[in-house]
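Summary of the model geometry
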Amino acid sequence: MKVKANGIDIEVEDTGGSGEPLLLIMGLGCQLVHWPSYFVQPLVEAGYRVIRLDNRDIGLSQYFPQFGRPNPTWGGLMLALGRELHAPYTLGDMAADALGVLDALGIARAHVAGASMGGMIAQRLALAAPERVRSLVSIMSSSGARGLPRPEPHVVRAMLARPRAGGREALLRYYVELYRTIGGPSYDQPEADLRAAIEVSLNRAQNPDGMLRQLRAIMADTRRADELTRMRVSALVLHGREDPLVPVNCGADTARRIPDSRYVVIDRMGHALPPSVSRPVVAEMLPFLRAHPIEAAESALAA
């Protein structure tokens, strides 16, 4: 369903029910379907009302073609020169979208979990509206601090290898190889399952320019790291030991900055959520969520 959130149209899937709400925010260029059913279902079975959204400019949410196609190379150069980088919208705007989803659903307080860029958006949401976030789970994400390890060179090459011709099959092969690469050396998703998941997302929507605008928002968010030291929300930081896209030290830095956060490194995890990784991630999340319950009186917005 679509809801009006922060003044724009945001696509949402809500499992419903009376359980404590858990908002899941996905990463760069990813749609809500990139939270796989084998990740979501154990959370639902544990009693949570799981809410997923398409971030702005991706999936079935509102696009912003009027802002053009940012050049990531130029943006990186500006940052390297110490220049301020402007973005058509910010991670703070995307956090306001997520908050608007909670408003549209009448939810006063929720657990919030984000993966990769989604973790950055979740951090921004917890900083901007701590009274609305009962707990934060930051998965394979980063504080955005300067000087943190960069993606491994072979990952950058894989990301830049998107085909300009060759049709749908070439695009499928590109994504299969990309997911294998960012998934790390222990990535074990069977190719047939991976291809099927990619088909679902390609059939649902495609907006590569939107991904570049989201990337510009990430690059322009240069002050979040210092702000994390003032966070007032309980946080669990989960990171893969084998993450080649957002190296594990990025997770350690995030946890170091957030007061009283819990940091867990997951072996054999890269920058993806195949079943073998989703199981230990959910296993870490559930006791953390249970340790920070949302009282019934807190869950619904006042009429």
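Here is a short report on the structure shown in this document. (Residues numbered from 1 in each chain as written. Predicted model: local features only at pLDDT ≥ 70, side-chain atom pairs only at ≥ 80, totals over all residues. Heavy atoms only, no water.)

Some remarks on the overall build of the chain
In terms of regular secondary structure, the chain is built from twelve helices and eight strands. Relative to its length of 303 residues, the chain is compact, with a C-alpha radius of gyration of 18 Å against a globular reference of 19 Å. Considering only C-alpha atoms, the chain reaches an extent of 55 × 45 × 40 Å along its principal axes. Taken across its 303 residues, the chain has 52% of its residues classed as buried. In the chain, once contacts between residues fewer than 6 apart in sequence are set aside, the share between residues at least 24 apart is 79%. Approximately 13400 Å² of the chain is accessible, and the part contributed by carbon and sulfur atoms is 52%. Between the averaged position of the 34 positive side-chain charges in the chain and that of its 32 negative side-chain charges there is a distance of 5 Å. (Helix = DSSP H or I, 4+ residues; strand = E, 2+ residues; numbered from the N terminus. Rg over C-alpha atoms; globule rule 2.2 N^0.38 Å. Buried < 20%, exposed > 50% of the residue type's maximum accessible area, 1.4 Å probe, protein only. Contact = heavy atoms within 4.5 Å. Areas by Shrake-Rupley, 256 points an atom, 1.4 Å probe, with all protein chains shown as cover. Lys, Arg positive; Asp, Glu negative; His and termini not counted. Charge placed at Lys NZ, Arg CZ, Asp CG, Glu CD.)

Here we look at the pairing of strand β3 (residues 21-25)
Among the five residues in β3, five count as buried, and that is most of the element. Neither face of β3 is left uncovered, since the one carrying P21, L23 and I25 and the one carrying L22 and L24 both have all their residues buried. Summarising the sheet, β3 and strand β4 (residues 49-53) pair through five bridges and their orientation is parallel. Opposite L22, over in β4, you have V50 as the bridge partner. For the segment spanning β3, helix α1 (residues 37-45) and β4, crossover handedness is right-handed. Judged from the four bridges that link them, β3 and strand β5 (residues 110-115) form a sheet pairing that is parallel. Within β5, the residue paired with L24 across the bridge is A113. (Pairing = 2+ DSSP bridges. Right-handed = clockwise from strand over helix to strand, strands pointing away.)

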